[in-house]
Amino acid sequence: MNMDIAFSPCPNDTFIFHALTHREIDIKPYAFEHVIEDVEELNARAFLLKHAVTKLSFGAYLKLKDRYALLDSGSALGFGCGPLLVAKEGCKSLEKARIAIPGRYTTAFLLLQLRYPELANFSFVRFDEILPGIASGKFDAGLIIHEGRFVYPSYQCVEVIDLGKWWEEQTGLPIPLGCIAIRLDMLAHKKDMEDLIRESIEYATRNPAASRDFIKLHAQELDEDVVRQHISLYVNKFSLSLGETGRQAIITLEEKARCCGIL
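Notes on the structure in this doc start here.

The rules behind these values
Residues numbered from 1 in each chain as written. Predicted model: local features only at pLDDT ≥ 70, side-chain atom pairs only at ≥ 80, totals over all residues. Heavy atoms only, no water. Salt bridge = Lys/Arg side-chain N within 4 Å of Asp/Glu carboxyl O. Buried < 20%, exposed > 50% of the residue type's maximum accessible area, 1.4 Å probe, protein only. Helix = DSSP H or I, 4+ residues; strand = E, 2+ residues; numbered from the N terminus. Contact = heavy atoms within 4.5 Å. Axes fitted to C-alpha atoms, helices over the stretch in contact; angles between N-to-C directions. Parallel < 35°, antiparallel > 145°, perpendicular 65-115°, else oblique. 1 Å grid on protein atoms, 1.4 Å probe; cavity = no way out; pocket = protein on both sides within 12 Å on 5 of 7 lines; lining within 4 Å. Points joined across faces, edges and corners; volume = space filled by probe spheres on them. Nonpolar A, V, L, I, M, F, W, Y, C, P; charged D, E, K, R; others polar. Pairing = 2+ DSSP bridges. Right-handed = clockwise from strand over helix to strand, strands pointing away.

### Here's the deal with the pattern of salt bridges
Here is step 1: Per the counting criterion, the structure on display carries 17 salt bridges.
Here is step 2: Note that Arg67 is salt-bridged to Asp66, the shortest N-O span being 3.7 Å.
Here is step 3: Judged by its relative accessible area of 55%, Asp66 falls in the exposed class.
Here is step 4: A salt bridge links Arg183 to Asp185; its shortest N-O distance comes to 2.6 Å.
Here is step 5: On the basis of relative accessible area, Arg183 is assigned to the buried category, the value being 15%.

Here it is as structure tokens:
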């Protein structure tokens, strides 16, 4: 059976899906066609039901529960891995700052709205345009995700707040960042997809060199230490299975978003 599967170019996703999309594991009876796009592009496509299986920000998934079902494997949740709000050195007022956001439907933006409901001066851009934009003076501040958290000091930026740490202090739970979801018309294949993604992660963990070239081909940051840190931070036990703690984190995020009128 042919099935399309969409994920981001970030090292955690290419690490997770390499074995599955390159037939390093037994994928019968499936034949997967993979699509790699920025997560905010995938969020937008999901509203159009574009892909059968897709990576989504939890900020988008919570708006798409009537169209996609959450898979138990493949998610990015964790402690110490949340988005950072950074600013150019000398930025004195967030209320007046021009803030770059990596997407309207990202979990990062949802967290920023929860923490700073008074802010409104946003520019929505690709995540890899944020730090260069701050450095050039186009933006005063930015919400950074993915590899950006490892390299922002080199752009003369300083941390304003770690929104993941703020979330952990508020809830005691891991922050739900991204997930893998399956379109509801493909729900009969949900269990198979969960098992295959889990097997793909386990293969990648046992054979880290196998996916190295695939990861580097798509990564924004090519420094091996940055790539390694990225994978170790975002691929963890919650990627194998959400578990009770992971599911509670998602429920809590939805409750807080609904209480604030964001959803």
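### A look at the side chain of Ser75
Here is step 1: Checked against the element boundaries, Ser75 lands in the loop between strand 4 (68-70) and strand 5 (76-78).
Here is step 2: When near neighbours in sequence (up to four residues on either side) are disregarded, Ser75 contacts Phe58, Leu70, Gly178, Cys179, Ile180, Tyr234, Phe238, Ser239 and Leu242.

### Here we look at the packing of helix 1 (residues 11-21) against helix 8 (residues 190-206)
Helices that pack against each other are described as a pair by the angle of their axes relative to one another and the distance between those axes.
Here is step 1: Axis separation between helix 1 and helix 8 bottoms out at 7 Å; the angle between their running directions is 105°. Classified by the angle between their axes, helix 1 and helix 8 sit roughly perpendicular to one another. Across the interface between the two elements, Phe15, Ile16, Phe17, His18, Ala19 and Leu20 of helix 1 pack against Met193, Leu196, Ile197, Ser200, Ile201, Tyr203, Ala204 and Thr205 of helix 8.

### Some remarks on the layout of surface pockets
Here is step 1: Roughly 280 Å³ of internal volume is contained in the largest pocket.
Here is step 2: Lining of the largest pocket is provided by Phe15, Pro208, Arg212, Ile215, Lys216, Glu224, Val227, Arg228, Ile231 and Ser232.
Here is step 3: Among the elements of the structure, helix 9 (212-218) and helix 10 (224-234) are those that each provide at least two residues to the lining of the largest pocket.
Here is step 4: Per element, the largest residue contribution to the lining of the largest pocket is five residues, and it comes from helix 10.
Here is step 5: Considering only residue class, the lining of the largest pocket consists of five nonpolar, one polar and four charged.

### Re the sheet that holds strand 8 (residues 122-124)
In a beta sheet, neighbouring strands are held together by backbone hydrogen bonds and run either parallel or antiparallel to one another.
Here is step 1: Across the sheet, five strands lie side by side as 8-7-9-6-10; this open sheet has mixed pairing. The strands lining the two open edges of the sheet, one partner per strand, are strand 8 and strand 10 (157-162). Along the sheet, successive strands turn relative to each other by an average axial angle of 30°, direction set aside.
Here is step 2: Where strand 7 (residues 99-101) lies against strand 9 (residues 141-144), two bridges are found, and the strand directions are parallel. Note on strand 9: the bridge partner recorded for Ile99 is Ala141.
Here is step 3: Strands in contact with helix 7 (residues 163-171) are strand 9 and strand 10; relative to strand 10, the strand with the most contacts, it is inclined by about 20°.

### Brief notes about the packing of helix 1 against helix 10
Here is step 1: It is at 8 Å that the axes of helix 1 and helix 10 come closest, and there the two elements cross at 70°. Classified by the interaxial angle, the pair formed by helix 1 and helix 10 is roughly perpendicular. Mapping the contact onto sequence places Pro11, Asn12 and Phe15 in helix 1 and Val227, His230, Ile231 and Tyr234 in helix 10.
Here is step 2: In terms of residue class, the contact of helix 1 with helix 10 is built from five nonpolar, two polar and no charged.

### With respect to helix 4 (residues 107-115)
Here is step 1: Extensive coverage of helix 4 is indicated by the burial of seven of its nine residues.
Here is step 2: Of the positions making up helix 4, those classed as buried are Thr107, Ala108, Phe109, Leu110, Leu111, Leu112 and Leu114.

### Overview of the pairing of strand 1 (residues 2-7)
Each regular strand carries side chains that alternate between the two faces of the sheet.
Here is step 1: Here strand 1 lies mainly inside the structure; five of its six residues are buried.
Here is step 2: In the sheet, strand 1 pairs with strand 2 (residues 31-36) via six bridges, with the strands oriented parallel. Across the sheet, residue Asp4 finds its bridge partner in strand 2, namely Glu33.
Here is step 3: In this view, the connection linking strand 1 to its parallel neighbour strand 2 by way of helix 1 has right-handed handedness.
Here is step 4: Where strand 1 lies against strand 3 (residues 53-57), two bridges are found, and the strand directions are parallel. Its bridge partner being in strand 3, Ala6 is matched across the sheet by Thr54.

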